[in-house]
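# Examining the three-dimensional arrangement
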Amino acid sequence: MLNRKLGGFEATWALMDDFVPVLFVGALHLSNGPAPDVLRMALAALQARHPLLRVGLDRRGADYFFVEAPEPRPVPLTLARRDGPDHWRALAEHELNTAMETTVAPLMRCTFLHGDTDSDLILTFHHTIIDSRAGLAIVDELLRLCAEPEPAEAGAETPSLAPLAPLHALYPPDYRGWSGMRRTAGFIARQIAEEARYRLRLKGRQPLHAQTPTRCRILGMTLDREATAALARQARKHRVPLNSLLHAAMLIALARRRYAGQALPMRGLTFADMRPYLAPPPTAEDLGVYISMLHYTVAMTPDSDLMQLAETVRDHIYRATKHDDKYIAPLLARHLVRMLVRRKTMRLGMIALSYVGPLDLAETYGKTVVTGLSGFVSNNVLGPELAGFGCLLHGRLSLDFLYLDSDMDADEAAEIVDGIRQCLESVIARPQDASP
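Structure report, in brief. Bear in mind the structure is a predicted one, so any value in this text is a computation, not a measurement.

### A word on the side chain of S304
- Examined against the element boundaries, S304 turns out to sit in the loop between β10 (291-300) and α9 (306-322).
- Only 2.9 Å separates the side chain of S304 from the backbone nitrogen of T301, close enough to count as a polar contact.
- Excluding anything up to four places from it in sequence, S304 contacts I252 and A299.

And the structure:
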């Protein structure tokens, strides 16, 4: 039976959840979706295989523990008739703003909107047990189980996966013991100096509504296959990863709408997949939080060039992911969040983007066709003003955004997202034979 203390980065999300809900919400858009009974059996098989779907959280003093229930309740499944293509959005927002009872297993719940042809499956996880990579793998596994003739029997025949250690316990030797402490001390010194410069230059211009009730709101955009392919070609031509280009577009659109005419530093957050750097490396199907939250700061001006900004972001992310930062940042995240929650005087950044690249999802699972996937991580007043989740699904770029209604209304948020689209379309419209 699983009973272990949460690692530092896992505990970060548990600590934040005491302040506001910290949830990962995915909406799977389907044609010819599974029957509700088949879905229920597939969820039972999924829960039998994954130990983190059988745990609750137990707080003991300042620490949190995963505790596996001897007889966990089934994954909660709410069934409702689908009322149009946008019905799922209201329910996804509700999920993002509704806390989960973490003392009781499982740390997951579902809502299935079923219609005559189209359906939407909304999956909600507590962020202590899942990251984007694992979330996408579990979606694939669930759809495969639903497509099998006897999903319950197939799941029963599959043994439970072994629970994995927390992130820091899988670090290379150079990042443990005295060597790790020395590297951490150098990282802290650099961060203190950078933070002082950032706050001095920012001069309190980022709005902070720490005492204002707020709710997460969502919206999204997609590019068709042709536009996505053209965007990817231009990004390759300029030697800029698509992730960096999307960061730059978000920064420029937010700066133009909310900080018009100002020259100011802007901070962005990115999330590095740590699985390839761990020993042994967890596979995507292993539930857990194996990511590193990294930040960068760029100087913005009213005439900032999109591609030059993307190159700057690329360089920042490259340095962070190729050196010590990706290992050390998770070790300090809990202390950072505790300070933010206690003081409520600053925000983590202005934008955040989790970009996972091409998804390893089939277009069809039996009779079920995957028509789309949307993803969101709940935000709060201490987080960025605009957060995004991006992926390539069957050749199309999909971007989902989350904002807070204490920061902006729906019209302003829509204008910012339209600004992001205009940035990307300006790149697509460049001559294809242009030199970098």
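Picking up where we left off.
### With respect to the sheet that holds strand β9 (residues 264-273)
- The sheet built from six strands is open, its strands ordered β8-β15-β14-β11-β9-β10 with mixed pairing. For this open sheet the edge positions go to β8 (216-223) and β10, each flanked by a neighbour on one side alone. Across the sheet, the mean angle separating the axes of adjacent strands is 20° when strand polarity is ignored.
- Pairing analysis gives seven bridges linking strand β14 (residues 386-393) to strand β15 (residues 396-404), with the strands arranged antiparallel. Counterpart to L393 in the pairing with β15 is R396.
- Against the sheet, helix α6 (residues 177-202) contacts β9 and β10, and its axis sits at roughly 140° relative to β9.
- Helix-sheet contacts for helix α11 (residues 410-428) involve β8, β14 and β15, and the interaxial angle to β8 is about 25°.

### Some words on the sheet that holds strand β3 (residues 55-60)
- Within the open sheet, the three strands sit side by side as β1-β4-β3. Their pairing is antiparallel. Each edge of the open sheet is held by one strand with a lone partner, namely β1 (3-5) and β3. Neighbour to neighbour, the strand axes of the sheet diverge by 25° on average, direction disregarded.
- Where β1 and strand β4 (residues 63-68) come together, three bridges link them in antiparallel fashion. Note that in β4 the partner of K5 across the bridge is F65.
- Sheet contacts for helix α1 (residues 8-17): β1, β3 and β4; angle to β4, the most-contacted strand, approximately 100°.

### Things to note about unusual backbone geometry
- The omega torsion of the bond from A105 to P106 falls at 0°, within 30 degrees of zero and hence cis.
- Mapped onto the secondary structure, P106 falls in the loop between α3 (87-96) and β6 (108-114).
- Note that the residue after A279, namely P280, is joined by a cis bond; omega there is -5°.
- Mapping P280 onto the fold places it in the loop between β9 and β10.
- Despite not being glycine, N32 has its phi angle at roughly 55°, a positive value.
- Relative to the elements of secondary structure, N32 occurs in the loop between β2 (23-31) and α2 (36-49).
- You will see that R239, though not glycine, has its phi angle at about 55°, which is positive.
- Following the sequence through the fold, R239 ends up in the loop between α7 (225-237) and α8 (242-258).

### Notes on the pattern of salt bridges
- Summed over all chains, the structure comprises 28 salt bridges.
- The residue R334 makes a salt bridge to D63 at a minimum N-O spacing of 4.0 Å. Taken together, the residues R334 in helix α10 (residues 325-343) and D63 in strand β4 connect sequence positions 271 residues apart.
- With relative accessibility at 13%, the residue R334 sits in the buried group.
- For R267, the salt bridge goes to E195, with nearest N and O atoms at 2.8 Å. Taken together, the residues span a long stretch of sequence, with R267 in strand β9 and E195 in helix α6 at a distance of 72 residues. Judged on exposure class, the residue R267 and its partner E195 are both buried.
- Through salt bridges that share partners, R257, R258, E385, E412 and E415 make up one connected network.

### Points about the packing of α8 against α11
- At a minimum axis separation of 8 Å, α8 and α11 run at an interaxial angle of 135°. Regarding the angle of α8 to α11, the classification is oblique. Crossing of α8 over α11 shows right-handed handedness. Touching L245, L246, A249, M250, I252, A253, L254, R256, R257 and R258 of α8 are E412, E415, I416, G419, I420, C423, L424 and V427, all from α11.
- Looking at side-chain class alone, the contact of α8 with α11 contains twelve nonpolar, one polar and five charged residues.

Basis of the calculations
Residues numbered from 1 in each chain as written. Predicted model: local features only at pLDDT ≥ 70, side-chain atom pairs only at ≥ 80, totals over all residues. Heavy atoms only, no water. Helix = DSSP H or I, 4+ residues; strand = E, 2+ residues; numbered from the N terminus. Polar contact = N/O pair within 3.5 Å; in protein donor to acceptor, adjacent residues only side chain to side chain. Contact = heavy atoms within 4.5 Å. Pairing = 2+ DSSP bridges. Axes fitted to C-alpha atoms, helices over the stretch in contact; angles between N-to-C directions. Salt bridge = Lys/Arg side-chain N within 4 Å of Asp/Glu carboxyl O. Buried < 20%, exposed > 50% of the residue type's maximum accessible area, 1.4 Å probe, protein only. Parallel < 35°, antiparallel > 145°, perpendicular 65-115°, else oblique. Left-handed = near helix turned anticlockwise from the far one by under 90°. Nonpolar A, V, L, I, M, F, W, Y, C, P; charged D, E, K, R; others polar.

Nothing here speaks to function; it is all geometry.
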